[in-house]
Every structure is written in C-alpha cells, then in structure tokens.
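Secondary and tertiary structure notes
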Amino acid sequence: MNQPLTAAQLFDAVGRGYEDAFGRPPAVDEAVRLLLERLPERARVLDIGSGTGRPAAEDLAAAGHRVLGIDVSSTMVEIATEQVPGAEFVQADVRDWEPPHRWDAVCAFFPFLQMTRDEVEAVLGRIARWLEPGGLLALVTVPMDVEEVEVPFLGHTVRLTSFAAPDLLRRVERAGLVVVESRTTTFSPDREGQPDEEHLLVLAQAKVQAQAADAPLA
C-alpha cells in the first residue's frame, strides 16, 4: 500500500474525481433539506470541507443563503469557486481557523475522517461556540470504531479515524450541542472497487442560553 496522504494532498490529487465518484450521497441531500426547512432567510452558513462546492454550498446558495466554504485543498477551493459563484470559498484548516462572525448553521460533511479523535472533539467544541443561539450543525460521516487505519480511497491510501455512531452522538452533546435527529443510510460510490459505505446523518442545535451568555464573536 502506498504512503498515506494528508487530507490536503488527497483532495488536491483527487480533484473533480471526488464529485464523479460520490456525487450526491442521500445523507448529504437529506441534511441540506433539513437545513433549508429550518434556516431563516439569508442565513450565514459555514461549509467545512466544502470540496467541489456541490451539492451543499450550491444548493444553500441557490436558496439565498450566504455560504462560506473552507477546505484544506487548494484544488478543491479552485473547483468550488468556479462551479458555485454564488458562494465564497477559502483555503483553511478548521483545526486552527478563526471565523469572522457567528453562523446560523455549520455543515460538516465527511471532514472528520482524516482528523484524530482529539481533533474531532476539539473542532466540535469550536463549532458549538461559533453557532448563533439555536444555530444548527448538520454533520454526515462514516460511523466506524476505527483509529488511524490505513485504507485505499480513490486510488490513494489514507489514514481513517472515526467513531461508532453512539460514541459520536455523545461527543456532539458533550461539545454543548443538542442532537435533534440522527439516521443512517447506505451509499454506493460510482467507482469500481470503492465499497459501499454506511453514512450517519446528525442534526444538532446550539443551546440557546449557553450561547446567549457567551458572545465573543460579532
């Protein structure tokens, strides 16, 4: 097996091939639908690990929301900027990035899989602080009890870390969020040799009282 790539290296290499293989996972479509049903007009939405900009940033921007996508891959930022002119995209690592203001919603569709468990917990805590009171986190991931496991992915090797579904839900709540909904689906990538995946969708909400008492962001 080849040397594992970092997330930035992987998605710089994969580029548009990621969208070709993974397209519109049903769990992501469902997560975006849940947000669109709940968000106020012209909501501020942060898309972490925004990839090619499709489908999340594209659908949210088309609905009139103000979307900022951040991604560690410069290639993905270039593709997303070209494909979704209605949103803004910047190259940034959520582990050390500081936002300019609070958000009505945060999307996190698969960005945690190449972080350590400690990093995931830290980022969940950061997201909870970034949300407006009552703001929403829409999270989709592959639920597995694995840590630093080397796996093949679209012709490359990556280190995969994740949580079993109950463990992740506990960490979301420990971060200060309230789980509103969670469900799983099975997805088949459109790429020969890429196995079916179980996807976990989590919709969580920031606690209104805790956030109202802590407002360091604009």
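Residues numbered from 1 in each chain as written. Predicted model: local features only at pLDDT ≥ 70, side-chain atom pairs only at ≥ 80, totals over all residues. Heavy atoms only, no water.

**Quick look at the overall build of the chain**
Helix and strand counts for the chain come out as 8 helices and 9 strands. For 218 residues, the compact-globule formula gives about 17 Å, and the C-alpha radius of gyration of the chain, at 16 Å, lands near that figure. Its C-alpha atoms put the chain at 50 × 35 × 30 Å along the principal axes. Here the chain, with 218 residues, has 51% of them falling under the buried criterion. For the chain, the exposed surface amounts to about 9900 Å²; the carbon and sulfur share of it is 48%. Within the chain, one finds 20 positive and 35 negative side-chain charges whose respective centroids are separated by 5 Å. (Helix = DSSP H or I, 4+ residues; strand = E, 2+ residues; numbered from the N terminus. Rg over C-alpha atoms; globule rule 2.2 N^0.38 Å. Buried < 20%, exposed > 50% of the residue type's maximum accessible area, 1.4 Å probe, protein only. Areas by Shrake-Rupley, 256 points an atom, 1.4 Å probe, with all protein chains shown as cover. Lys, Arg positive; Asp, Glu negative; His and termini not counted. Charge placed at Lys NZ, Arg CZ, Asp CG, Glu CD.)

**Side note on the pairing of strand β2 (residues 66-71)**
The two faces of the sheet receive side chains in turn, since in a regular strand these alternate between them. Most of β2 sits out of view: 5 of its 6 residues are buried. As judged from the 5 bridges shared by strand β1 (residues 44-48) and β2, these two strands associate in the parallel manner. Along β2, the bridge assignment pairs Val 45 with Val 67. As for the winding sense of the linkage, the β-α-β connection from β1 through helix α4 (residues 56-62) to β2 is right-handed. Direction of pairing for β2 relative to strand β3 (residues 88-91): parallel, over a ladder of 4 bridges. (Pairing = 2+ DSSP bridges. Right-handed = clockwise from strand over helix to strand, strands pointing away.)

**Structural notes on the environment of Glu 147**
With respect to the element layout, Glu 147 can be found in strand β6 (residues 146-153). Classification of Glu 147 by relative accessible area gives partly exposed; the value is 47%. For the pair Glu 147 and Gln 114, spaced 33 residues apart in the sequence, the C-alpha separation amounts to 9.6 Å. The contacts of Glu 147, once residues within four sequence positions are left out, are Arg 117, Leu 160 and Thr 161. (Contact = heavy atoms within 4.5 Å.)

**Here we look at the packing of aromatic side chains**
Enumeration over the complete set of coordinates arrives at 6 aromatic pairs. Ring geometry for Phe 11 versus Tyr 18: centroids 5.5 Å apart, planes at 80 degrees, classification edge-to-face. Comparing Phe 11 with Tyr 18 shows no difference in burial state: the two are buried. Centroid distance Phe 22 to Phe 153: 5.5 Å. Interplanar angle 25 degrees. Geometry classified as stacked. Linking Phe 22 in helix α2 (residues 17-22) with Phe 153 in strand β6, this pair joins segments that are 131 residues apart in sequence. Just as Phe 22 is buried, Phe 153 falls in that class too. (Phe/Tyr/Trp six-rings, centres within 6.5 Å; stacked < 30°, edge-to-face > 60°.)

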